[in-house]
Amino acid sequence: MPGTSPTGPSPHVRPYASGRLIRFLAAAIPWTAMVNRVFTVAFAINGAAHAGSYVDVPVTVRTTSQLTLPASGGDHAGQGRALAGRAGDPEKTRLDIAHAPERTWLKADLSSTTLHSYGSTVTEQLLSRADKLVLGLCAVAGSLLLRRLLLDIGQGRPFQPRSARRLSALAGLIAVGGIATDLLPHVATAFVLNRTGLSGGDGPFAWAVHIDGVPLLVSLLLLALAEAFRRGADLATDVDGLV
């Protein structure tokens, strides 16, 4: 056929990525993966070493009736000024602004904020950082799969059965990393709220998990791409059998 050759694309067809760029990326990925793996493990160990100190976890404010603005600085709760919010509607929490014009105030969204608590446990510290650990390990595994895929592409053999399997594995890693990022910090929240006695129906906070659909959508797109690669591998096998 015009424009093609038995060994690959015609010299007149300009590639989207040069062989030199593909080889550079394939060589850089292992080093990036190693640095990422060391950082994520060290980050988790550092959190465990800070047990007994402060821990930050995401919370959803259910009501502002028990929340106050501190009257003075410091770590101890005092008799502060109550927030001008509507019970059960934290999105309409009102914060006044000094020297602001009449009927002008800040409408603070406290429906999703961060709880800062002292006296953390090892479990709380690990869970509060476990999302980054899982995401980092998924990134390490995914980068190694991507390296193998790039090497096959650089050698002019992208449509291999193993390429489809690698893309499917990448899709799974992205889904796991996305779910872990949204779920694990809220598991830490449950532990902290239970320790501090702020859980339950009378507490100001609610335990709520919101799963981001973007990583799942990317995973579905990669699965579709993996199926395209699988079909391409079947066609390549059929063509080799005809030659």
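Preceding this section is the structure that the text describes.
Residues numbered from 1 in each chain as written. Predicted model: local features only at pLDDT ≥ 70, side-chain atom pairs only at ≥ 80, totals over all residues. Heavy atoms only, no water.

J.: Looking at this structure, how should I read the pairing of strand S3 (residues 55-61)?
T.: Counting buried positions over the seven residues of S3 gives five, a clear majority of the element. Across five bridges, S3 lies against strand S9 (residues 113-117) in antiparallel orientation. Note on S9: the bridge partner recorded for Val57 is Leu115. Across two bridges, the pairing between S3 and strand S10 (residues 205-206) is antiparallel. When the bridges of S10 are listed, Val61 appears paired with Phe205. (Buried < 20%, exposed > 50% of the residue type's maximum accessible area, 1.4 Å probe, protein only. Helix = DSSP H or I, 4+ residues; strand = E, 2+ residues; numbered from the N terminus. Pairing = 2+ DSSP bridges.)

J.: Explanation requested: the packing of aromatic side chains in the structure shown.
T.: Geometry of an aromatic ring pair is reported as the spacing of the ring centres plus the angle between the planes. Under the criterion given, the structure shown has two aromatic pairs. With a centroid separation of 6.1 Å and 20° between ring planes, the pair formed by Phe39 and Phe43 is classed as stacked. Of this pair, Phe39 and Phe43 both sit in helix H1 (residues 19-49), four residues apart, roughly one helical turn. The partly exposed category is assigned to Phe43, whose relative accessible area is 24%. Ring centres 5.0 Å apart and planes at 65° place the aromatic pair Tyr54 and Tyr118 in the edge-to-face group. Taken together, the positions of Tyr54 in the loop between H1 and S3 and Tyr118 in the loop between S9 and helix H2 (122-154) put the pair 64 residues apart, joining distant regions of the chain. (Phe/Tyr/Trp six-rings, centres within 6.5 Å; stacked < 30°, edge-to-face > 60°.)

J.: So what exactly am I meant to see when it comes to the packing of H1 against H2 here?
T.: A pair of packed helices can be characterised by two numbers: the angle between their axes and the separation between those axes. Two elements in contact, H1 and H2, have axes whose closest approach is 9 Å; the angle formed by their N-to-C orientations is 170°. Classed by the angle they form, the pair H1 and H2 counts as roughly antiparallel. Split into classes, the residues belonging to the contact of H1 with H2 amount to 21 nonpolar, eight polar and four charged. (Axes fitted to C-alpha atoms, helices over the stretch in contact; angles between N-to-C directions. Parallel < 35°, antiparallel > 145°, perpendicular 65-115°, else oblique. Nonpolar A, V, L, I, M, F, W, Y, C, P; charged D, E, K, R; others polar.)

J.: Would you mind showing me how to read the side chain of Thr189 here?
T.: Along the chain, the position of Thr189 falls in helix H3 (residues 161-196). Residue classification places Thr189 among the buried residues on the basis of a relative accessible area of 1%. Not counting the four nearest positions on each side in its chain, Thr189 is found in contact with Val57, Pro58, Val59 and Trp207. (Contact = heavy atoms within 4.5 Å.)

J.: How should the environment of Gly119 be read in this particular structure?
T.: Secondary-structure assignment places Gly119 in the loop between S9 and H2. Along the backbone, Gly119 and Val55 are 64 residues apart, and their C-alpha atoms lie at a distance of 8.0 Å. Those residues within four positions of Gly119 in sequence are excluded, and the remaining contacts are Gly52, Ser53 and Arg195.

J.: What am I meant to see in the nonpolar core here?
T.: A general feature of soluble globular proteins is that nonpolar side chains tend to end up buried together. Listed in full, the twelve residues of the largest apolar core are Val55, Val57, Val59, Val61, Leu67, Leu110, Leu115, Leu127, Ala188, Val192, Leu193 and Phe205. Counting residues per element, the ones that place at least two in this core are S3 and H3. The element best represented in this core is S3, accounting for four residues. Aside from chain neighbours lying at most four places away, what touches Leu127 is Leu184, Pro185, Val187, Ala188 and Phe191. Grouped together as the second largest cluster of nonpolar side chains are eight residues, Ala164, Leu167, Ala171 and Phe229 included. (Core = buried A, V, L, I, M, F, W, Y, C linked by side-chain atoms within 4.5 Å.)

J.: Got a minute to help me understand the sheet that holds S10 in this structure?
T.: Adjacent strands of a sheet form backbone hydrogen bonds with each other and so pair up, either parallel or antiparallel. Overall, antiparallel pairing links the three strands, which are arranged S9-S3-S10 in an open sheet. Pairing within the sheet leaves two strands with one partner each, and these edge strands are S9 and S10. Lying over the sheet, H3 contacts S3, S9 and S10, oriented at roughly 90° with respect to S3.

J.: How should I be thinking about H3 in this particular structure?
T.: Counting along an α-helix, one turn takes 3.6 residues, and residues three or four places apart therefore face a common direction. Given a rise of 1.5 Å per residue, 36 residues ought to cover 52 Å, and the 53 Å separating the end C-alpha atoms of H3 matches this to within 8%. Along H3, the sharpest kink reaches roughly 30°, centred on Ala180. Following H3 by one or two positions, Gly197 has its phi on the positive side, about 75°. (Expected span 1.5 Å × (residues − 1). Bend = angle between axes of the 7 residues up to and from the residue.)

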